[in-house]
Amino acid sequence: MDKERVLGRIGSKVLFDNDRVRIWELRLAPGEHSDVHRHELDNILVQISGDRIAVRPEPDTEGPYRDFLEAEVVPGAAIYVTRGGVETAVNTGERDYHEIIVELKD
């Protein structure tokens, strides 16, 4: 029998949470990766600092990213992402990565 996968948190810590939004902070050192997590809500990623970041989708992802994707960090960029992604974020750069994730509650 396969061991059931346990999903982790989408960020390092929750900064704010109410009935409309939840705001996370994500920090990753070079080479560090997040927990495997599922995005249950549409969200906005706001890149603060870093140089390279990647997303490694799981086979059962239902989000917009189905293949490994690596990109340059653009401080101040806001990226809208629809729900359903099951993935791991990976800092593939040489600098610490920092982003804010704003989850939009239904």
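Here the structure is shown first, and the text comes after it.
As a starting point, this report considers the structure included with it. (Residues numbered from 1 in each chain as written. Predicted model: local features only at pLDDT ≥ 70, side-chain atom pairs only at ≥ 80, totals over all residues. Heavy atoms only, no water.)

### A look at the pairing of strand E5 (residues 52–57)
When E5 meets strand E6 (residues 69–72), the two strands line up antiparallel, connected through 4 bridges. Within E6, the residue paired with arginine 52 across the bridge is glutamate 72. (Pairing = 2+ DSSP bridges. Helix = DSSP H or I, 4+ residues; strand = E, 2+ residues; numbered from the N terminus.)

### Focus: the side chain of histidine 98
Within the element layout of this structure, histidine 98 appears in strand E9 (residues 97–104). Taking the relative accessible area as the measure of exposure, histidine 98 reaches 12% and is therefore buried. Within polar-contact distance, the side chain of histidine 98 engages the side chain of glutamate 25 at 2.8 Å. A distance of 3.5 Å separates a polar atom in the side chain of histidine 98 from a polar atom in the side chain of arginine 27. If we skip the residues at most four places from it in the chain, histidine 98 touches Glu25, Leu26, Arg27, Gln47, Ile48 and Ser49. (Buried < 20%, exposed > 50% of the residue type's maximum accessible area, 1.4 Å probe, protein only. Polar contact = N/O pair within 3.5 Å; in protein donor to acceptor, adjacent residues only side chain to side chain. Contact = heavy atoms within 4.5 Å.)

### Observations concerning the pattern of salt bridges
Enumeration over the complete set of coordinates arrives at 11 salt bridges. Residue arginine 27 is joined to glutamate 25 by a salt bridge in which the shortest nitrogen-to-oxygen separation is 3.2 Å. Here arginine 83 ties to aspartate 42 by a salt bridge, and the two come within 3.3 Å at their closest N and O atoms. Taken together, the residues span a long stretch of sequence, with arginine 83 in the loop between strand E7 (78–81) and strand E8 (86–90) and aspartate 42 in the loop between strand E3 (37–38) and strand E4 (43–49) at a distance of 41 residues. According to the relative accessible area criterion, arginine 83 is partly exposed, its value standing at 32%. Each of the salt bridges in this network shares a partner with another, and the network as a whole consists of Asp17, Arg22, Glu103 and Lys105. (Salt bridge = Lys/Arg side-chain N within 4 Å of Asp/Glu carboxyl O.)

Distances and angles like these do not, on their own, reveal function.
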